[in-house]
Number of protein chains: 2
Amino acid sequence: MPCRKNKRDAVEPTRAQCALLKSLYTRHGRKKSARCVCEGLRAVGELFAARPDLVEFTVCTGECAEKLSIPGNCFVVSPEKIEELSGTVHSQGILSVARVPDEPAPETPCGDRFVLALDRIGDPGNFGTICRTARAAGLTELWLTRGTVDPYGDKAVRAALGAQFSMKLRSFENLESLRRSAAAIGFGPVFLTDPHQGESCFQAAGLYDRTVLVIGCESTGVGELAGAPRVMIPMPGHFESLNAAQAATIFIFEYVRRQENTVQTT
Amino acid sequence: MPCRKNKRDAVEPTRAQCALLKSLYTRHGRKKSARCVCEGLRAVGELFAARPDLVEFTVCTGECAEKLSIPGNCFVVSPEKIEELSGTVHSQGILSVARVPDEPAPETPCGDRFVLALDRIGDPGNFGTICRTARAAGLTELWLTRGTVDPYGDKAVRAALGAQFSMKLRSFENLESLRRSAAAIGFGPVFLTDPHQGESCFQAAGLYDRTVLVIGCESTGVGELAGAPRVMIPMPGHFESLNAAQAATIFIFEYVRRQENTVQTT
């Protein structure tokens with residue numbers, strides 16, 4: 001069914017708005033318009049709380065409109081219309097079109113004591129889990145190398161519950177350029193996570209002290225970076241079974257633990 | 001296409017074997033025959049290594065047959081035949097029918113210092129992730145309350161990469177009976193995980209000292225258990241976003257960390 005503008009009170013999005021929204025399910029469409037789509041109650045709630053300035057318009061059911069305070073243009077439509085515009089099989093009844101946030105300028109200082117970086121994480125579900133876990137741990141930045149999934153893709157936004165809108169994301173061409181940029185803002189060394197080599201993450205001193213920790217690609221692991229120290233998660237059962245998101249969760253919460261104890265393990 | 005017995009050399013499973021295999025995709029079928037199906041290279045590899053005595057027969061492609069040492073009856077069939085018998089969209093070319101392992105008798109001692117228990121975890125993916133993470137951490141038991149997903153369902157086996165075949169699983173009617181049984185073999189207290197209340201898992205003394213830690217249902221949390229201490233994962237970012245599997249991973253690897261340090265945090 002094509003989008004129709006209701007001539008009386010314009011409660012439906014225009015044909016152009018519908019076309020824009022649908023284009024945002026492709027990387028090409030997002031790049032062209034510098035917009036993204038954010039869907040689902042929690043993700044949209046996070047977007048509204050963190051970056052209401054980015055919201056261009058929202059399409060939702062009457063029920064959702066009552067639950068949330070919605071910034072900007074809001075179109076209250078039928079559940080069928082939502083299903084038509086939704087990227088999910090069972091829509092939660094709300095989606096917003098938002099501008100993609102600008103990246104911080106390279107020289108912008110980072111206020112965190114530690115930064116997690118993702119090297120070519122390809123799965124939007126893994127990206128999303130890692131992003132919301134980092135957000136839950138109180139990290140404010142997440143760094144990505146080229147080859148990592150688009151953090152503003154619809155699946156990545158849903159999986160992260162919109163956490164990317166409350167964080168600063170920085171992109172890098174590769175690990176070398178990431179390391180240079182890190183050094184320029186006073187961060188280093190850059191640790192590489194490894195399934196087999198390196199010091200235990202529970203023992204490594206200085207692992208979370210103005211440092212960067214890189215989680216690698218799901219299939220090929222972390223890329224090469226000459227001279228970079230490696231850290232691993234000890235695995236007493238000798239059963240390799242942690243995916244990238246679980247490994248990231250362990251590293252992130254070891255940071256939380258050390259912060260809580262306010263002592264560095266030595 | 002119905003299963004056909006090749007009269008010359010019986011390289012195909014019989015009609016009865018095919019019917020049995022297909023029945024194992026339902027809980028009813030598994031209960032009736034006390035068999036389960038284990039599919040995929042890693043899961044089957046784990047089953048063969050841990051419990052070859054349970055394997056009744058294996059159906060695989062020629063390529064898989066060359067890669068693995070297969071205990072018991074093996075039928076080498078076409079990829080199309082595998083697809084027909086498989087529970088997945090894209091089969092890895094191997095599946096086995098195995099007997100469901102017996103539970104240990106209630107009075108059997110548990111050799112671990114700490115036991116993870118799952119209270120009505122309903123998602124086979126979550127169950128599987130938790131099971132293989134527990135296995136990776138070197139735990140040998142996993143306890144379940146009634147209402148937890150069937151640990152020998154095909155999805156649970158695939159998600160756990162067959163880790164349930166190397167572990168002892170014990171089932172309990174509810175948390176009360178679990179606590180009684182734990183006490184009978186020298187375990188206690190039973191800690192309940194909670195998103196909001198209780199001591200930090202990074203601070204709680206004695207959390208892993210002949211104790212049980214219960215992870216609760218994805219939607220309703222852990223059940224009631226009068227007088228049981230509660231523990232939580234500190235969340236500096238105030239963003240509730242950890243699912244049951246991630247939370248379990250954090251608790252399990254805090255155990256690994258304390259084991260590695262061989263000191264109890266106090």
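Analysis parameters
Sequence order sets the numbering: in each chain, residues are counted from 1 along the sequence as written. Key to labels: chains lettered from A, ligands numbered from 1, both in the order written. Residue-level local features of this predicted model are given only where pLDDT is at least 70; pairs of side-chain atoms are given and counted only at 80 or more, and the full residue set underlies all totals for whole chains, interfaces and linings. Only hydrogens and water are removed before side-chain values are computed, so all heavy atoms of the structure are retained for them. The contact definition used throughout considers only heavy atoms, calling two residues in contact when any of these lie within 4.5 Å. What makes a salt bridge here is a side-chain nitrogen of Lys or Arg within 4 Å of a carboxyl oxygen of Asp or Glu, nothing more. For the purposes of these results, a polar contact is taken to be a pair of N or O atoms within 3.5 Å, where, inside protein, one atom must be able to donate a hydrogen and its partner to accept one; residues adjacent in sequence count only when each atom of the pair is a side-chain atom. The helix count covers DSSP runs of H or I at least four residues long, the strand count covers runs of E at least two residues long, and both are numbered beginning at the N terminus. We call Asp, Glu, Lys and Arg charged. Ala, Val, Leu, Ile, Met, Phe, Trp, Tyr, Cys and Pro are nonpolar, and the rest, Gly among them, are polar. Alignment of copies: least-squares fit on C-alpha atoms of residues with pLDDT of at least 70 in both copies. Throughout this description, buried means an accessible area under 20% of the type-specific maximum (1.4 Å probe, protein chains only), exposed means over 50%, and partly exposed covers the range between. Criterion used throughout: strands pair if DSSP finds at least two bridges between them. Fitting a line to C-alpha atoms yields each axis, with helices limited to the stretch in contact; the angle taken between N-to-C directions then spans 0 to 180 degrees. To form a nonpolar core, buried Ala, Val, Leu, Ile, Met, Phe, Trp, Tyr and Cys residues must be joined to one another through side-chain atoms within 4.5 Å. Each residue carries a pLDDT score, the predictor's confidence in it, ranging from 0 to 100. Classification remark: right-handed applies to a crossover when, strands pointing away from the viewer, the course from the first strand over the helix to the second runs clockwise. Reported orientations rely on four angle classes, namely roughly parallel under 35 degrees, roughly antiparallel over 145, roughly perpendicular from 65 to 115, and oblique for the rest. Method remark: on a 1 Å grid restricted to protein atoms, a set of points is classed as a cavity if a 1.4 Å probe fits but cannot get out and as a pocket if it is open with protein on both sides within 12 Å along at least five of seven lines; lining residues have an atom within 4 Å of a point. Grid points are joined across faces, edges and corners, and a volume is the space filled by probe spheres set on the points. The span one expects for a helix is its residue count, reduced by one, times 1.5 Å.

1. So, the interface of chain B and chain A
On the side of chain A, 34 residues touch chain B, which itself brings 34 residues to the contact. For the pair chain B and chain A, the interface holds 0 salt bridges. Viewed at the interface, chain A and chain B are joined by 14 residue pairs in polar contact (both at pLDDT 80 or more). Put simply, the parts of the chain that give the side of chain B that touches chain A at least two residues each are α3 (41-50), α6 (124-136) and α9 (244-261) of chain B. Here the element with the most residues in the side of chain B that touches chain A is α9 of chain B; it accounts for 9 residues. Taken together, the residues of the side of chain B that touches chain A sort by class into 15 nonpolar, 11 polar and 8 charged.

2. Concerning the relation of the copies chain B and chain A
Superposition of chain B onto chain A requires a rotation of 180 degrees combined with a translation of 0.0 Å along the rotation axis, giving an RMSD of 0.0 Å. Accordingly, the operation relating the two chain copies is best matched by a two-fold axis. Interface overlap between copies: 100% of the residues of chain B at the interface are likewise at the interface in chain A, consistent with a symmetric, same-surface contact.

3. Focus on the pattern of salt bridges
Residue and element names in this part refer to chain A. Enumeration over the complete set of coordinates arrives at 34 salt bridges over all chains. The salt bridge involving arginine 230 is made with aspartate 194; its shortest N-O contact spans 2.6 Å. Residue arginine 230 is located in strand β11 (residues 230-232), and its partner aspartate 194 is located in the loop between β8 (190-193) and β9 (199-200); the two are separated by 36 residues in the primary sequence. Among the residues examined, aspartate 194 registers a relative accessible area of 11% and is labelled buried.

4. Some thoughts on the sheet that holds strand β7 (residues 168-172) of chain B
All names here are of chain B. A sheet is described by the order of its strands in space; here 7 strands give the open sequence β7-β6-β5-β10-β8-β11-β9, paired in parallel fashion. With partners counted over all chains shown, the strands left at the sheet margins are β7 and β9 (199-200), one partner each. Sheet topology note: the strand β5 (residues 114-119)/strand β6 (residues 141-145) ladder contains 3 bridges and is parallel. Looking at β6, one finds that leucine 118 is bridged to leucine 144.

5. Quick notes on the sheet that holds β11 of chain A
Residues and elements named next belong to chain A. Strand order in the open sheet formed by 7 strands is β7-β6-β5-β10-β8-β11-β9, and the pairing between neighbours is parallel. Looking at strand neighbours, the two that pair on one side only are β7 (168-172) and β9, the edges of this open sheet. As judged from the 5 bridges shared by strand β6 (residues 141-145) and β7, these two strands associate in the parallel manner. In the sheet register, threonine 145 faces β7, and the bridge partner there is phenylalanine 172. Across the face of the sheet, helix α8 (residues 175-184) comes into contact with β5 (114-119), β6, β7, β8 and β10 (211-216) while running at roughly 145 degrees to β6.

6. A look at the nonpolar core
Within the largest apolar cluster, 116 residues are counted, with the highest numbers of intra-cluster contacts made by Leu116 and Phe127 of chain A together with Leu116 and Phe127 of chain B. Setting aside chain neighbours within four positions, we find leucine 116 of chain A in contact with Ile130, Leu139, Leu142, Trp143, Leu213, Ile215, Ala248 and Ile252 of chain A.

7. Things to note about the confidence of the model for chain A
Averaged over all residues, the pLDDT of chain A equals 92, while 95% of them reach at least 70. Under the prediction, the complex receives an ipTM of 0.89, its pTM being 0.91.

8. What about the environment of leucine 118 of chain A?
Residue and element names in this part refer to chain A. Position of leucine 118 relative to the elements: it lies in strand β5. Sequence spacing of leucine 118 and aspartate 150 is 32 residues, and the spatial spacing of their C-alpha atoms is 12 Å. Once residues within four sequence positions are removed from consideration, leucine 118 is found in contact with Phe127, Ile130, Leu142, Trp143, Leu144, Thr145, Thr148 and Ile215.

9. Structural notes on the pairing of β6 of chain B
Residues and elements named next belong to chain B. Taking burial as the measure, the 5 residues of β6 include 5 buried ones, the bulk of the element. Of the two faces of β6, both are covered, the one formed by Glu141, Trp143 and Thr145 as well as the one formed by Leu142 and Leu144. Since β5 and β6 lie parallel, the crossover through α6 that links them has a hand, and here it is right-handed. Regarding the hand of the β-α-β motif, the stretch spanning β6, helix α7 (residues 154-159) and β7 is right-handed.

10. Quick notes on the packing of helix α6 (residues 124-136) of chain A against helix α9 (residues 244-261) of chain A
Residue and element names in this part refer to chain A. One way to put it is that α6 packs onto α9 with a least axis distance of 9 Å and a crossing angle of 10 degrees. Taken together, the axis directions place α6 and α9 in an arrangement best described as roughly parallel. Facing α6, whose interface residues are Asn126, Thr129, Ile130, Thr133 and Ala134, α9 presents Ala244, Ala245, Ala248, Thr249, Ile252 and Phe253.

11. Let's talk about unusual backbone geometry
Residue and element names in this part refer to chain A. Of note, the bond from glycine 188 into proline 189 is cis; its omega dihedral lies within 30 degrees of zero at 0 degrees. Summarising the element assignment, proline 189 is placed in the loop between α8 and β8. Positive phi, close to 55 degrees, is recorded for alanine 34, a residue that is not glycine. Tracing the backbone through its elements, the reader meets alanine 34 in the loop between α2 (27-33) and β1 (35-39). For alanine 34, a relative accessible area of 39% corresponds to the partly exposed category.

12. Notes on empty space enclosed by the protein
Scanning the entire structure with this criterion turns up 1 cavity of 30 Å³ or more. Approximately 70 Å³ is the volume found for the largest cavity. As for the largest cavity, its lining consists of Phe202, Ile250, Phe253 and Glu254 of chain A together with Phe202, Ile250, Phe253, Glu254 and Arg257 of chain B. Contributing elements (two or more residues each) for the lining of the largest cavity: α9 of chain A together with α9 of chain B.

13. Observations concerning α9 of chain B
All names here are of chain B. The terminal C-alpha atoms of α9 lie 26 Å apart, and with 18 residues this matches the ideal 26 Å at 1.5 Å per residue to within 8%. Most of α9 sits inside the fold, with 15 of its 18 residues counted as buried. Between the side-chain oxygen at the start of α9 and the backbone nitrogen of alanine 245 there is a gap of 3.0 Å, and the oxygen is on asparagine 243. One or two residues past the end of α9 sits threonine 262, with phi positive at roughly 45 degrees.

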